[in-house]
Amino acid sequence: MRTALLSLTFLLAGSMAAPAFAHTAAPKKKVTATTKKGKILPMKEYIDQLMAKMTLQEKIGQLNLMVAGDITTGGALDTQVGGDIAQGNMGGVFNIKGLDKIKALQEIAIKNSRLGIPLLVGMDVIHGYETMFPIPLALSCSWDTEAMKKVGEVSAKEASADGINWTFSPMVDIALDARWGRISEGNGEDPYLSGVMGAAMTQGYQGVDMRTEEILRANRIMACLKHFALYGGVESGKEYNTVDMSRVRMMNQYLPPYEAVVKAGVGSVMSSFNLIDYIPATANKWMMTDVLRKQWGFTGFVVTDYASIAEILQHGTAKDIQEASEQALKAGTDMDMCSNAFVKHLAKSIAEGKVSEADVNIACRRILEAKYKLGLFSDPYRYCNTKRSKSEIYTAENRQVARDVAAETFVLLKNEGNILPLKKEGKIALIGPLADTRNNIAGTWSVAQVPSKYTTIKEAMEHALAGKATLLYAQGSNIWRNQELQKNGESGKPINWGNEAEMKAEALKIAKEADVIVCAMGESAEMSGECGSRTNLEMPDVQRELLAELLKTGKPVVLLNFAGRPTVLTWEKAHVPAIMNVWFGGSEMGDALCDVIFGDKSPSGKLTTSMPKTTGQEPLYYNHQNTGRPVADDNEKFAKFASNCLDVSNGPLYPFGYGLSYTYFSYSNFRLSSQEAGISNEEATEWQDGKKITASVTVKNNGSRDADEIVQLYIRDMVASISRPVKELKGFQRIHLAAGESKEVSFDITPDMLKFYNANLKHVIEPGDFQIMIGTNSKDVKTLKLNVK
């Protein structure tokens, strides 16, 4: 799955130039939904007539979203959630699995509530349903937008076949601090890349731009952009912590990926837990209304994160839950997840004149519009198709997509002596606590997974080596020496706890018999993800000790590093000859890994986060501002009275964009079509006289294997009215080159790539010199100068 991506705006709107943060009007497409009995009214007329029949409490009920809980199909009406649905006090439910259960709840809404308004049915389909794809951070390392669309499409097909019509994905929070567990759920540290990947995933889920009135196909679902906004900026990487930054930084570094997904036509947005300008995001009118709706033109609905209206009280900005609900509604929040705040308090607030029924009407209409676009008014049971549920989930076709995508996400960090790929011969020792664990390979946020169906790394290697080589296996160690620490990172996905001495002895025994040792080590699945913050990013103690003992055997060692975040591999880089970051690769990870480590495919993943030398460097990111006393990343000597540390040199262990292959690429003949350009109008949308500025480079595969390379374009504004980053990613292309093949790769440099938000929050391009850089990663680049007049 390859793609060439030259411009974010091209991907989102089919246009080669559209300024970021500019208001883009939603396309106007009038359609009608159809039923077996014929057509229903166009959306506005249909919802006008429906709302005219609704009581105030029924309108408020549409703003209520709750967990369905554990129900039986025959007893659903007798549950709390069933009763609330029947009373018209529920607009949707979420995180319930089972077509019969979902249909039972939908039947209550249709048959037992007064107006028969169907339910939204949501789920955290974050990186797959039963066919699990790699965690989102790993997916971003593919730099493959077509793959991301396919992931969204397959995930939607499976979820919709099992009753789900809404997913709480994609997450595009910029995360610069690897201590934060939820870095695993996003696309890394770069705003451009995160926006591109999030937009592609959204298009895969929905299939349509939900700013139109077009009805989604029954095998597509509504996406939900999250967490709006700035959630990845929590202090010290601690979950749910304080976020505080200037609006200039927000606009330039954190908000662009959210805007990109809005412009891709996402149907819903989820507010974040954190503060924005010392106001909880869920109650922040500037963010939810002024930026999201007025500036970006978002027309869908905003749902809170879990119970975040109730959490406003903890922040100390409301005296009680009624006041918190008033603040949230007036800010532009439309749906309350699990606080029961709107449904219990808004009618009283209206009676007291603190909010208006018009405010409720706006929110209610947005949710009903989403249901209309999902086709639920045409056919409330269109997502309850038993035939699809039996035939479209975890199919061979879906699994092959997951296997192919996973192979693109593994990042080869080191391959001394070309140990990889391994030959299918002799004796191979597979050692480590993650080698034979079925419930951990999919990673965090895999709520619909069925681990019993999945193949472990050990099982996949046994199959790949059958009749060709002998596989020796030992667990070797626990995850941690401390059992309580191990349990903290399990969260329902346990790994066998064994006797440390016995496991180590067994591992060393088979290591001595083997020709090569493969170590499956690192984090367990739930050591990252929500509430998976860590203060030390090094490999857990007992695993590191075992790895050191295995190296002492003198046998070649390959480390497969499992992780949901950038981890510290400084010791490993110095001692282990071959290292591959394999993240958590999903349900087909075992076979995908075998495809790569045995050479059927060449690794092509590249990092979307900087990997630190030590945890103390966090937050660490490539697109930082310079200081007044900079010290180069490659300067290994401490410089007094300059911006560096006593004990560790600046810069990452492995830079953003880094990743090796089984072949070698060279870059040559880097050139610009012109080294000068002028702006043609005040909006700075195009170059003077229709001029085209193109940056080109020749990339050659110098090795003996066919492989993919990801060519990266970076730009730096050398002098501006505010300090600008040392470089920023502005484009990339994933290309395939046969052994010995050369290819010219070109990027159009558009005025939009040079714009930024100045101190007055104006989106501008300022004349001057710009460095244009192309390379294989953010560090190893070739540079030319472009002068803009």
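Residues numbered from 1 in each chain as written. Predicted model: local features only at pLDDT ≥ 70, side-chain atom pairs only at ≥ 80, totals over all residues. Heavy atoms only, no water.

- Looking at an unreviewed UniProt entry, one finds the protein named Periplasmic beta-glucosidase, with Segatella copri DSM 18205 as its source organism.
- Its UniProt record, at the heading Sequence similarities (unreviewed entry), says of the protein: "Belongs to the glycosyl hydrolase 3 family." (UniProt positions renumbered as here; feature names shortened; annotations may be inferred.)

### What about the environment of Met 210?
Phase 1 of the analysis: Following the sequence through the fold, Met 210 ends up in the loop between helix H8 (191-206) and strand E8 (224-228).
Phase 2 of the analysis: Not counting residues within four places of it along the chain, the set of residues in contact with Met 210 comprises Leu 216, Met 222, Gly 265, Val 266, Gly 267, Ala 370 and Lys 373. (Helix = DSSP H or I, 4+ residues; strand = E, 2+ residues; numbered from the N terminus. Contact = heavy atoms within 4.5 Å.)

### Observations regarding the environment of Met 171
Phase 1 of the analysis: Relative to the helices and strands, Met 171 resides in the loop between strand E7 (166-167) and H8.
Phase 2 of the analysis: For Met 171, a relative accessible area of 4% translates into the label buried.
Phase 3 of the analysis: Along the primary structure Met 171 and Ala 677 are separated by 506 residues, whereas in three dimensions their C-alpha atoms are 37 Å apart.
Phase 4 of the analysis: Contact partners of Met 171, with chain neighbours within four places excluded, come to Trp 180, Arg 182, Glu 185, Gly 186, Asn 187, Lys 226 and His 227. (Buried < 20%, exposed > 50% of the residue type's maximum accessible area, 1.4 Å probe, protein only.)

### A word on the packing of helix H9 (residues 247-254) against helix H11 (residues 285-295)
The axes of two packed helices give the description: the angle between them and the distance between them.
Phase 1 of the analysis: H11 packs onto H9 with a crossing angle of 50° between their chain directions and a minimal axis gap of 15 Å. Classified by the interaxial angle, the pair formed by H9 and H11 is oblique. Considering the relative orientation of H9 and H11, their crossing is right-handed. Along its contact with H9, which presents Arg 247, Met 250 and Met 251, the element H11 presents Trp 286, Met 287 and Gln 295.
Phase 2 of the analysis: Taken together, the residues that form the contact of H9 with H11 break down as four nonpolar, one polar and one charged. (Axes fitted to C-alpha atoms, helices over the stretch in contact; angles between N-to-C directions. Parallel < 35°, antiparallel > 145°, perpendicular 65-115°, else oblique. Left-handed = near helix turned anticlockwise from the far one by under 90°. Nonpolar A, V, L, I, M, F, W, Y, C, P; charged D, E, K, R; others polar.)

### Examining the pairing of strand E16 (residues 470-474)
Phase 1 of the analysis: Both strand E15 (residues 427-431) and E16 contribute to a ladder of five bridges, which runs parallel. Opposite Lys 427, over in E16, you have Thr 470 as the bridge partner.
Phase 2 of the analysis: Read from E15 through helix H18 (residues 457-465) to E16, the crossover connection turns out right-handed. (Pairing = 2+ DSSP bridges. Right-handed = clockwise from strand over helix to strand, strands pointing away.)

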